[in-house]
Amino acid sequence: MDRRTFMAGSATATAGALTVLGSATPGSADEAGRTGSGGDHVRSVTAITQVFGSGQKLVAVAVEYDSDIDGSTLSTSTFAVTDRTVTKVYTNRTADLAQRGRNGRYVVVELSPDDTAAALWVTQQGPGTPPGGGSGGGSGDDGGGPGAGGPVVGDSTPGGTIVAAQATLTQPGTVTTTRGRRYAADTTARTTDAVVNLIVDDFRQLSFSDPATGQTLRYNLFVPKNYDHRKSYPMVLFMHDASVVNVATQGPLVQGLGAVCWASPEDQARHESFVLAPEYGSVVIDDNYEPSTLFEATANLVRSVTREYSIDPDRLYTTGQSMGAMLSLGLNIRYPDLFAAAFIVAGQWPETQAAPLAQKKLWILVSADDTKAYPGEQAITEVIQDQGTQVSTALWDGRSTAAEFAADVRSMKSQRAPVNFAAFETGTVVPSGSTTSAHMATWQVAYTIPGIRDWIMRQSR
């Protein structure tokens, strides 16, 4: 699978009742095969979204009919979706994606994720332009940090927008049921008014009021589907970058793969776990490295959720990108006994404070042309090595296939070092023709590599 179009798993969800815009009156076809308008038999139209490295996208529309549909009679020309490219059409028994179709009441119309209209997560600074104008690795996408006009602690300016998932569909071709009834072409435009958000819908949106700091944190929590309080589970804390500040609670789930990848059916089958993703209402830390009280509130949130559920305190993990990576480093320094391991993506911390990290289990990933995070992480790892801790290092091609990345991970793991430092080679992480900065492109690739997550999940205090 191409790493840039990595699909964050597939989860089945059921659309609620809805009114389909433009529906006609009940149909004129009968069991003898007389033909009626396809629209007469449409019962619902549902948008389906997935999260990719670059954010959430609308990738399909599921049309529910009143009878099972014969998938062998369908083609990409049977349906048309406004401003979108239809790539695949098949039948299914639910409003969900499938590798192979099976006859059912739903016709799934898959759409190209490369369409401009597919994107549902839009950063306010535009593609690849950090608020500071730079390309570095400070507080989120700030690049230049406070001195360059980047976000500063307490800044609550929304960094991005979640676009409502909606599509308009027509049926220019004939649809045939499994019993031979033909639903003729229909030019009525139908707009979706139900949405299935794959994996994202599996998270709960909650709020934590911290008596110690007086702060309130909105957060997302994934609870394992077969949660059993008699068992003990690990938990991953994901912290977002500055582009996700002060958006809807689901922001950390739709901006990229950093949170949802751990909750995918594939990851949960290997490592059943909780996933915790706070949504910060303001910038928590900037390049002055003096965090707001949301820093302490985050640690208290982790402790609170750990007490509430049957979560193993020896298997708590943290990860994050840019500002979230800085928070991960800072939390591991201030609370060295809280987390068992950390996945650090495009972040940094003053090397003068980094000595406690020599006792931690870390996987660090950064781009070599990230002008702040790369030298910052190099300085930290030098401190770790000076403390006598073994560090495994490697340069990776950011354009690698999934199989090549898997081999890269195996090579690093074979050294059995507690700290792994991998850097994407200069010029390899930004897609050709893209204006995205190497800083932001790093996490679009980093969370598509399951071998790193497997390594994290095998660590304990």
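The shown structure was predicted, so the numbers you read here are calculated from the model rather than taken from an experiment.

## Description of the confidence of the model for the protein chain
Stage number 1. Confidence along the protein chain averages 88 in pLDDT terms, with 86% of residues attaining 70 or more.
Stage number 2. Overall, residues 1-35 carries pLDDT values under 50, and its contacts beyond four positions in sequence, including any with other chains, amount to 103 contacts.
Stage number 3. Confidence drops under pLDDT 50 across residues 125-149; counting only partners more than four residues distant or on other chains, this segment forms 93 contacts.

## What about the sheet that holds strand S6 (residues 104-111)?
Stage number 1. Read across the open sheet, the five strands follow the order S5-S6-S3-S2-S13; overall the sheet is mixed. Each edge of the open sheet is held by one strand with a lone partner, namely strand S5 (86-92) and strand S13 (194-197). Taking each pair of neighbouring strands and ignoring which way they run, the sheet shows an average axis angle of 25°.
Stage number 2. Here strand S2 (residues 42-52) pairs with S13 via four bridges, running parallel.

## So, the environment of Asn92
Stage number 1. Tracing the sequence through the fold places Asn92 in strand S5.
Stage number 2. For the pair Asn92 and Ala62, spaced 30 residues apart in the sequence, the C-alpha separation amounts to 8.9 Å.
Stage number 3. Residues contacting Asn92, with those up to four places away along its chain left out, are Leu97, Ala98, Arg102, Gly104, Arg105, Tyr106 and Val108.
Stage number 4. Looking at Asn92, its side chain comes within polar contact range of the main-chain oxygen of Asp96, at 2.9 Å.

## Some details on the side chain of Ser44
Stage number 1. Checked against the element boundaries, Ser44 lands in strand S2.
Stage number 2. Within the local environment of Ser44, its side chain forms a polar contact with the side chain of Glu64, the two groups lying 2.7 Å apart.

## Observations regarding the packing of helix H3 (residues 294-308) against helix H4 (residues 323-334)
When two helices pack together, their arrangement is given by the angle between the helix axes and by the axis-to-axis distance.
Stage number 1. Contact geometry of H3 with H4 gives a least axis separation of 11 Å together with a crossing angle of 70°. With respect to H4, the element H3 is oriented roughly perpendicular. Note on element contacts: H4 touches H3 through Leu327, Gly330, Leu331 and Arg334, opposite Phe295, Glu296, Thr298 and Ala299.
Stage number 2. A breakdown of the residues in the contact of H3 with H4 according to their chemical character gives four nonpolar, two polar and two charged.

## Quick notes on unusual backbone geometry
Stage number 1. You will see that Asp83, though not glycine, has its phi angle at about 65°, which is positive.
Stage number 2. You can see Asp83 is positioned in the loop between strand S4 (80-81) and S5.
Stage number 3. The exposed category is assigned to Asp83, whose relative accessible area is 63%.
Stage number 4. Here the phi dihedral of Tyr289 falls at roughly 60°; this positive angle occurs in a residue that is not glycine.
Stage number 5. Note on placement: Tyr289 falls in the loop between strand S17 (274-279) and H3.

## A word on the environment of Leu206
Stage number 1. Mapped onto the secondary structure, Leu206 falls in strand S14 (residues 203-209).
Stage number 2. Leu206 sits 14 residues away from Asn220 along the chain, and the two C-alpha atoms are 6.2 Å apart.
Stage number 3. Residues within four places of Leu206 in sequence aside, it is in contact with Leu217, Arg218, Tyr219 and Leu221.

## Quick notes on the pattern of salt bridges
Stage number 1. A complete count under the given rule lists 14 salt bridges for this structure.
Stage number 2. Two residues, Arg43 and Asp66, come together in a salt bridge whose shortest N-O distance is 3.5 Å. In this pair, Arg43 is assigned in strand S2 and Asp66 in strand S3 (residues 55-69), connecting sequence segments 23 residues apart.
Stage number 3. The partner of Asp186 in a salt bridge is Arg190, and the shortest N-O contact between them spans 2.8 Å. The residues Asp186 and Arg190 share a single accessibility class, namely buried.

## Things to note about H4
Stage number 1. For H4, which comprises 12 residues, the first-to-last C-alpha distance of 16 Å matches the rise-based estimate of 16 Å (1.5 Å per residue) to within 8%.
Stage number 2. The buried fraction of H4 is high, at 11 of 12 residues.
Stage number 3. Taken together, the buried positions of H4 are occupied by Met323, Gly324, Ala325, Met326, Leu327, Ser328, Leu329, Gly330, Leu331, Asn332 and Ile333.

## Section: the side chain of Asp241
Stage number 1. Position of Asp241 relative to the elements: it lies in the loop between strand S16 (233-239) and helix H1 (251-254).
Stage number 2. No salt bridge is formed by the buried Asp241. Its closest oppositely charged neighbour is Lys372, at 14 Å.
Stage number 3. Within polar-contact distance, the side chain of Asp241 engages the side chain of Ser243 at 2.5 Å.
Stage number 4. For Asp241, the side chain forms a polar contact with the side chain of Gln321, separated by 2.7 Å.

How each quantity is defined
In this numbering scheme, every chain counts its residues from 1 along its sequence in written order. Owing to the predicted nature of the model, reporting of local features is limited to residues with pLDDT of at least 70; listing and counting of side-chain atom pairs is limited to 80 or more, with chain, interface and lining totals taken over all residues. To get the side-chain values, take all heavy atoms of the structure and skip hydrogens and water. Confidence scores labelled pLDDT are given residue by residue by the predictor and lie between 0 and 100. Contacts between residues were defined by any pair of non-hydrogen atoms, one from each residue, lying within 4.5 Å. Only when DSSP finds a minimum of two bridges between them are two strands counted as paired. To qualify as a helix, a DSSP run of H or I must reach at least 4 residues; to qualify as a strand, a run of E must reach at least 2; elements of each kind are numbered from the N terminus. Fitting a line to C-alpha atoms yields each axis, with helices limited to the stretch in contact; the angle taken between N-to-C directions then spans 0 to 180 degrees. Throughout this description, a polar contact denotes any pair of N or O atoms lying within 3.5 Å of each other; where both atoms belong to protein, one of them has to be capable of donating a hydrogen while the other can accept it, and for residues adjacent in sequence the pair is counted only when both atoms sit in side chains. Angles below 35 degrees are treated as roughly parallel, those above 145 as roughly antiparallel, those between 65 and 115 as roughly perpendicular, and all remaining angles as oblique. For this classification, the nonpolar set comprises Ala, Val, Leu, Ile, Met, Phe, Trp, Tyr, Cys and Pro, the charged set comprises Asp, Glu, Lys and Arg, and every other residue, Gly included, is treated as polar. The buried label goes to any residue with under 20% of its type's maximum accessible area, the exposed label to any with over 50%, and the partly exposed label to all in between, with areas taken from a 1.4 Å probe on protein chains only. Salt bridges are counted wherever a side-chain nitrogen of Lys or Arg sits within 4 Å of a carboxyl oxygen of Asp or Glu. Expected helix span is computed as 1.5 Å times (number of residues minus one). We score Asp and Glu as negative and Lys and Arg as positive, and we do not count His or the chain ends.

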